[in-house]
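# Working through the structure, step by step
Below are the chains, spelled out letter by letter.
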Amino acid sequence: MKSVVTLANRLHGGTNVYKSRHDCLQVLHAVEALQPAWWNASCSSFLRLTENVKADAHPAVETGNAASAAQRHAIVVVEGLDGTGKTLVTRTLADKLHGVALSTPPPQFAPIRAAFRDQDEAVARAFYSAANYIAAEDIVTRAQASMVVVDRWWCSTCAMALANKLTVETLPPTDDAVYQWPADLPKPDAGFLLSVEEAVRVARIRKRAPEDAEERRLSSQREMRRAAMEAYARTKMLTVVPAPSYRAAVNAILAALQMKGIGHSAVAFTEEEVKSIAPF
């Protein structure tokens, strides 16, 4: 596996942030060629799906293309650390907008996601990055019929790759290309970063099933959380939304969409409805 990590470092400069589907494929092909004990038929199927993503199948790849955007409904992404309410906000927002809620990586890859997560970070991030491209086909297709709200996408892949490796002080400079959305990946029309007080975030997580290894590190390492949030900010794609409750966050996003020129007919929660929800 050392040869794979060497290849990966040459492609992403040691950041573990892949900037193209081609780079992800190079690393995944190299792993498949080694046939490690954990690699199975499902991993190969995932690789074949990544290979078959049509590079020209996304009418909204080019940012600022008004004609392309007019052919589909808006794509909105909700980002944030675990425990900030992303999943509930995503689902509720999609319901309010009469749209569809999707997530990355797509849920059908959960079994191999666990396998990849246990590997070297360079390999794990190749999986997460490749999954973004597979998810993009469904996201863009669904957007032809209705608005799409995505629970995490590329910004999370970037932020967590950097936070697992670096500190705020050692992150690449603010204007570094590492924070730029990949040119070959469809881009959302709006992105939001949920923010909550750390005590509330941790309390929410403790009510769930056991945390995964990455979230345990986030909970215990203040510096990792700081690095992740700073990396999110440096993508310059996300509007920070306070999320004391999922209803408050949904209302804030609905208002922000209108301000960004993304029209909708969604009805916000009433003040009484917002107040009726506890922080956790």
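Anything mentioned here points back to the structure above.
Every residue gets a number counted from 1 within its own chain, in the order that chain's sequence is written. Only residues with pLDDT of 70 or above have their local features reported here, since the model is predicted, and side-chain atom pairs are shown and tallied only from 80 upward, although totals for entire chains, interfaces and linings are computed over all residues. Side-chain figures throughout are based on the complete set of non-hydrogen atoms in the structure, without hydrogens or water.

### With respect to the packing of helix 5 (residues 86-96) against helix 12 (residues 246-259)
For the record, the criterion: Comment: axis = line fitted to C-alpha atoms, over the contacting stretch for helices; angle = value between 0 and 180 degrees taken between N-to-C directions. Helix numbers and strand numbers start at the N terminus; a helix is a DSSP run of H or I with at least 4 residues, a strand a run of E with at least 2. Working definition: roughly parallel below 35 degrees, roughly antiparallel above 145 degrees, roughly perpendicular at 65 to 115 degrees, and oblique for all remaining angles. A crossing counts as left-handed when the near helix is turned anticlockwise from the far one by less than a right angle, and as right-handed when that turn is clockwise. Note on definitions: a residue-residue contact is assigned when non-hydrogen atoms from the two residues lie within 4.5 Å. Lys, Arg, Asp and Glu make up the charged group, whereas Ala, Val, Leu, Ile, Met, Phe, Trp, Tyr, Cys and Pro make up the nonpolar group; the residues left over, Gly among them, are polar.
Between helix 5 and helix 12, the least distance of the axes is 9 Å, while the angle of their chain directions is 50 degrees. Viewed along their axes, helix 5 and helix 12 adopt a mutual orientation that is oblique. With respect to the hand of their crossing, helix 5 and helix 12 are arranged in right-handed fashion. Between helix 5, through Leu 88, Val 89, Thr 92, Leu 93 and Lys 96, and helix 12, the contact on the second element is made entirely by Tyr 246, Ala 249, Val 250, Ile 253 and Leu 254. A per-class count over the contact of helix 5 with helix 12 returns eight nonpolar, one polar and one charged.

### Let's talk about unusual backbone geometry
In this structure, Pro 105 follows Thr 104 across a cis peptide bond, with omega equal to -10 degrees. Turning to its location among the elements, Pro 105 is positioned in the loop between strand 2 (100-103) and helix 6 (110-117). Despite not being glycine, His 98 shows a phi value in the positive range, around 55 degrees. With respect to the helices and strands, His 98 occurs in the loop between helix 5 and strand 2. Phi is positive for Lys 236, close to 55 degrees, though the residue is something other than glycine.

### With respect to the pairing of strand 2
Rules: Relative accessibility thresholds used throughout: buried, under 20% of the residue-type maximum; exposed, over 50%; partly exposed, between the two (1.4 Å probe, protein chains only). A pair of strands counts as paired when DSSP detects no fewer than two bridges linking them.
Of the two faces of strand 2, only the one carrying Val 100 and Leu 102 is buried; Ala 101 and Ser 103 on the other face are not. Pairing between strand 2 and strand 3 (residues 148-151): four bridges, direction parallel. Of the residues in strand 3, the one forming a bridge with Ser 103 is Asp 151.

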